[in-house]
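This is what each chain is made of:
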Amino acid sequence: MRIKLHGTRGSYPTSSTDHQRLGGNTSCIEIIDGEERLILDAGTGILGINFDEDYPNARIDILLTHLHMDHIQGLGFCKPIFDPEKQVHIWGPGGSPQSLQARLNRFLSPPLFPIPLRDIPSALSVHELPNTPFKVGKFTITAGFISHPGPTVGFRITSGTKSITYMPDHEPMVGRQPLYPEDSWVSGFGLAFKTDLLIHDSQYTQEEYWEKIGWGHCSLDIAVEYSARVQAKKLILFHHDPTHPDTKTTQLYLDYLKQNKPDFPIELAVQGQEIAV
C-alpha cells in the first residue's frame, strides 16, 4: 500500500508562509493499492487530489472519522460530487440521534452551503459505519469509536498482510499520563495494535495539553507513548496546530528525539508526502 498525505493541518487551514513546509490544508489522506483507492477525511486537503487522472472508475469512497469542520470542509468543493457519472460513497460514524445524512445536510445546505445535499448531481450514497469489519475492493476496513468530542472513529485499513491505522483526532486517555496498564482502558487499542503504520494526532505541546484536557487531542509525547503501547511499527505525527509555525513544530520534534530513544521510526507528517507500507 501507499499513503498520500493531502492535508496534515488541524483545526483550520492556513496559507501562512510559516506553514508551507508541513502544509496548511486540513485532514485528508489517500490509501492506494494498485488501481484501488480510499480517501480518509474530507478536509481542504481533498481538493489536492487529481480526480480526473487518478479516479477513472465511477466509484469513489470517502471515509470520515467525524464531522468537525476541519474534516469535512473540502467535501462541498470536491469535484466528483458534482459529476453525474460518479458514484460517491460517504462513510461516517453513527452514534447520534440524527442520521449521518441528516448531520451532513446541516453543512451541505443553505445558509452554510448554496446547494442542498439532495440536489448534488452525483449518485451519492451515505453509509453509517458498521460495527464489524467490511470490505471496499481489496481493502478491509475496521472502524471503532475513539476518545474525541462527538461521535468519532479511528480506522484500521488492511490489504494483504499490511495495515494502516488512522487516528487524526484522538486523546488516548483523558488527563492521564502514563496510560493505564489495562489495554481495555486505552482508547482505540485494538485498532492500532501492531499496526504497520500509525497516523496519529500530536497537536499540542505538553504545556498546552494540560491546559486543554478533554478537548480530544494529545501532545507529541503522549502520541509516542501510545504508539509504543500498541506496538506500532512506525508513527506519523499528524494534525499540526495552525498556531504553531513549522519551525516550532519541527524543533519540538527534534528536541524530543534528542532526549528520547524510541525503538520505532517517528516522522512529522508533511503535506504532499507519499509513504510506502
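Here's a quick rundown of the structure.

Conventions used here
Residues numbered from 1 in each chain as written. Predicted model: local features only at pLDDT ≥ 70, side-chain atom pairs only at ≥ 80, totals over all residues. Heavy atoms only, no water. Helix = DSSP H or I, 4+ residues; strand = E, 2+ residues; numbered from the N terminus. Contact = heavy atoms within 4.5 Å. Pairing = 2+ DSSP bridges. Axes fitted to C-alpha atoms, helices over the stretch in contact; angles between N-to-C directions. 1 Å grid on protein atoms, 1.4 Å probe; cavity = no way out; pocket = protein on both sides within 12 Å on 5 of 7 lines; lining within 4 Å. Points joined across faces, edges and corners; volume = space filled by probe spheres on them. Nonpolar A, V, L, I, M, F, W, Y, C, P; charged D, E, K, R; others polar. Phe/Tyr/Trp six-rings, centres within 6.5 Å; stacked < 30°, edge-to-face > 60°. Buried < 20%, exposed > 50% of the residue type's maximum accessible area, 1.4 Å probe, protein only. Lys NZ or Arg CZ within 6 Å of the ring centre and 35° of its normal. Core = buried A, V, L, I, M, F, W, Y, C linked by side-chain atoms within 4.5 Å. Arc of directions from axis to C-beta.

1. Section: the environment of Pro133
Then comes step 1: Assignment of secondary structure puts Pro133 in the loop between strand 6 (123–128) and strand 7 (134–136).
Then comes step 2: Once the C-alpha coordinates of Pro133 and Ala143 are considered, the two residues, 10 residues apart in sequence, prove to be 7.2 Å apart.
Then comes step 3: With residues up to four places along the chain from it excluded, the contact list for Pro133 reads Thr140, Ile141 and Thr142.

2. Things to note about unusual backbone geometry
Then comes step 1: Here the bond from Pro110 into Pro111 is cis, since omega is 5 degrees, no more than 30 degrees from zero.
Then comes step 2: Relative to the assigned elements, Pro111 resides in the loop between helix 3 (100–107) and strand 6.
Then comes step 3: Cis geometry is found at the peptide bond from Gln177 to Pro178, where omega equals 5 degrees.
Then comes step 4: Secondary-structure assignment places Pro178 in the loop between strand 10 (162–167) and helix 4 (189–192).
Then comes step 5: The backbone phi angle of Ser11 is positive, close to 75 degrees, even though this residue is not glycine.
Then comes step 6: Residue placement: Ser11 occurs in the loop between strand 1 (2–7) and strand 2 (28–33).
Then comes step 7: Backbone geometry places Asp41, a non-glycine residue, at a positive phi of 70 degrees.

3. Focus: the sheet that holds strand 10
Then comes step 1: One open sheet holds the seven strands; their spatial order is 7-8-9-10-11-12-13, and the pairing between them is mixed. Each edge of the sheet is formed by a strand with only one pairing partner; in this case those strands are strand 7 and strand 13 (266–268). With direction set aside, neighbouring strand axes in the sheet form an average angle of 25 degrees.
Then comes step 2: Note that strand 11 (residues 197–201) and strand 12 (residues 235–238) share four bridges and pair parallel. By the bridge assignment for strand 12, Leu198 is matched with Leu235.
Then comes step 3: Sheet contacts for helix 6 (residues 220–230): strand 10, strand 11, strand 12 and strand 13; angle to strand 11, the most-contacted strand, approximately 150 degrees.
Then comes step 4: Along the sheet, helix 7 (residues 246–259) contacts strand 12 and strand 13; its crossing angle with strand 13, the most-contacted strand, is approximately 170 degrees.

4. A word on the layout of surface pockets
Then comes step 1: Its volume calculated, the largest pocket comes out at about 260 Å³.
Then comes step 2: Lining the largest pocket are 18 residues, and of these Tyr204, Thr205, Gln206, Leu220 and Leu252 lie nearest its centre.
Then comes step 3: Top contributing element to the lining of the largest pocket by residue count: helix 7, with five residues.
Then comes step 4: Classifying every residue of the lining of the largest pocket by side-chain character gives five nonpolar, nine polar and four charged.
Then comes step 5: A volume near 230 Å³ is recorded for the second largest pocket.
Then comes step 6: Contributing to the lining of the second largest pocket are 14 residues, with Glu35, Glu36, Arg37, Asn57 and Arg59 lying nearest its centre.
Then comes step 7: Every element with two or more residues in the lining of the second largest pocket is listed here: strand 3 (36–40) and strand 4 (59–63).

5. Brief notes about the packing of aromatic side chains
Then comes step 1: A full pass over the atoms with the stated rule returns eight aromatic pairs.
Then comes step 2: For the ring pair Phe51 and Tyr55, a centre distance of 5.1 Å and an interplane angle of 40 degrees mean the geometry is tilted.
Then comes step 3: The exposure class assigned to Tyr55 is buried, which follows from its relative accessible area of 6%.
Then comes step 4: On the numbers, 4.6 Å between centres and 25 degrees between planes, the contact of Trp91 with Phe134 is stacked. You can see Trp91 sitting in strand 5 (residues 87–92) and its partner Phe134 sitting in strand 7, a full 43 residues away along the chain. With respect to class, Trp91 is no different from Phe134; both count as buried.
Then comes step 5: In this structure an aromatic cluster arises from ring pairing among Phe77, Phe107 and Phe113.
Then comes step 6: Across the ring face of Tyr55, the terminal group of Arg37 is positioned such that the distance to the ring centre comes to 5.7 Å.

6. Structural notes on the nonpolar core
Then comes step 1: Ranked by internal contacts, the top residues of the largest apolar core, which has 27 residues, are Leu198, Val224, Tyr226, Val230, Leu235, Leu237 and Ile266.
Then comes step 2: The set of elements that each furnish at least two residues to this core consists of helix 4, helix 6, strand 12, helix 7 and strand 13.
Then comes step 3: When residues of this core are assigned to their parent elements, the largest contribution, six residues, is made by helix 6.
Then comes step 4: When near neighbours in sequence (up to four residues on either side) are disregarded, Ile266 contacts Val224, Leu235, Leu237, Tyr253 and Leu257.

7. Considerations on helix 3
Then comes step 1: Listed in full, the buried residues belonging to helix 3 are Leu100, Arg103, Leu104 and Phe107. Viewed end-on, helix 3 has its buried residues packed into an arc of 100 degrees, placing them on one side of the element.
Then comes step 2: Residues of helix 3 that are buried in the fold lie against helix 2 (69–72), strand 5 and strand 6.

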